[in-house]
Amino acid sequence: FDEALEYFKKAIELDPHCWSAYNHIAYIYNKQKKIDEVITTLEKHTAIFPQDYYACNTLASFYFAKKRMNDAIPLFQRAIKTKPDFMLSYDNLSACYMDLKEYNEVILICDSALKIKPLYYKAIQNKAAAYAHLKKNDDAIAVMQDFLKLYPNHSLAYGDLGTYYELDKRYDEAISAYKKS
């Protein structure tokens, strides 16, 4: 790895806009478990290439792992603005707000994702989970039921629906949903 690292550092020295060199360096540091170096490399990369949605999402994911939400959130938002159909950024942004216990914000993010990809299950799951955290079990159940009307054989959705019935102390309905999962 050391030889490759030096090669890519030299490439950046010769051309600071060598997009792929930053990615390779971050990859090498990640393989070496040098997370602070990954972050520093991706910070340089996103400063030079602010429209690189993938690098923004990746850097934000490392910030999220370090619980640096104030750094992660704007980068996930930038990634979404740059490439609105890159669903992973919505997932990660909603995870930040879920971690911050800002459940209404999670619902808004999921609604934004669902406008682009209406049957995106991760957004369905996150939205229902946010409602459940808000103690709005009926809303969580409705989200799952609406999805199941369109995908009646989605076993994971039945399992999630069972969980929300159970939280609402509707045990017979929970058992019925679990049997379908």
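To be clear, the structure that these remarks concern was listed above.
Residues numbered from 1 in each chain as written. Predicted model: local features only at pLDDT ≥ 70, side-chain atom pairs only at ≥ 80, totals over all residues. Heavy atoms only, no water.

> Which parts of the structure should I look at to understand the nonpolar core?
Generally speaking, nonpolar side chains in soluble globular proteins are found buried as a group. L93, I124, M144, L161 and Y164 are the most contacted members of the largest nonpolar core, which totals 61 residues. Among the elements that line this core, the one with the most residues is helix α8 (residues 121-133), at 8 residues. Setting aside its immediate chain neighbours within four residues, I124 contacts L114, P118, V143, M144 and F147. (Core = buried A, V, L, I, M, F, W, Y, C linked by side-chain atoms within 4.5 Å. Buried < 20%, exposed > 50% of the residue type's maximum accessible area, 1.4 Å probe, protein only. Helix = DSSP H or I, 4+ residues; strand = E, 2+ residues; numbered from the N terminus. Contact = heavy atoms within 4.5 Å.)

> It is not clear to me how the environment of D91 should be interpreted in this structure. Could you clarify?
Checked against the element boundaries, D91 lands in helix α6 (residues 87-99). For the pair formed by D91 and I25, sequence separation is 66 residues and the distance between their alpha carbons is 26 Å. D91 has contacts with Y120, K122 and N126, leaving out every residue within four places of it along the chain. A distance of 2.6 Å separates polar atoms of two side chains, one belonging to D91 and the other to Y120. (Polar contact = N/O pair within 3.5 Å; in protein donor to acceptor, adjacent residues only side chain to side chain.)

> I tried to follow helix α2 (residues 19-31) on my own but got confused; where do I start?
An α-helical turn contains 3.6 residues, so any two residues separated by three or four positions project in the same direction. The end-to-end C-alpha distance of α2 is 19 Å, a good match for the 18 Å that 13 residues give at a rise of 1.5 Å each. Of the surrounding elements, those touching the buried residues of α2 are α1 (2-14) and α3 (35-48). Immediately downstream of α2, the backbone of K33 shows phi near 60°, a positive value. (Expected span 1.5 Å × (residues − 1).)

> Help me understand the pattern of salt bridges in this model?
Opposite charge on two side chains permits pairing when their charged atoms draw close. Going through the model one piece at a time under the given rule, you end up with 11 salt bridges. Notably, a salt bridge pairs D71 with R68, separated by 2.9 Å at the nearest N-O pair. Three or more residues joined by partner-sharing salt bridges are found here, namely D138, D168, R170 and E173. (Salt bridge = Lys/Arg side-chain N within 4 Å of Asp/Glu carboxyl O.)

> Which parts of the structure should I look at to understand the packing of aromatic side chains?
In this description, an aromatic ring pair is defined by two values, namely the gap between the centres and the angle between the planes. The tally for this structure, following the rule as stated, stands at 6 aromatic pairs. Ring centres of Y22 and F49 lie 6.5 Å apart, and the angle between their planes is 75°; on these two criteria the pair is classed as edge-to-face. Here the residue Y22 occupies a position in helix α2, and F49 occupies one in the loop between α3 and α4 (53-65), the gap between them amounting to 27 residues. Residue class for F49 comes out buried when judged on its relative accessible area of 19%. Each ring, one from Y53 and one from F86, has its centre 4.9 Å from the other, and the planes form 65°; the classification is edge-to-face. Of this pair, Y53 sits in helix α4 while F86 sits in the loop between α5 (69-82) and α6, and the two are 33 residues apart along the sequence. (Phe/Tyr/Trp six-rings, centres within 6.5 Å; stacked < 30°, edge-to-face > 60°.)

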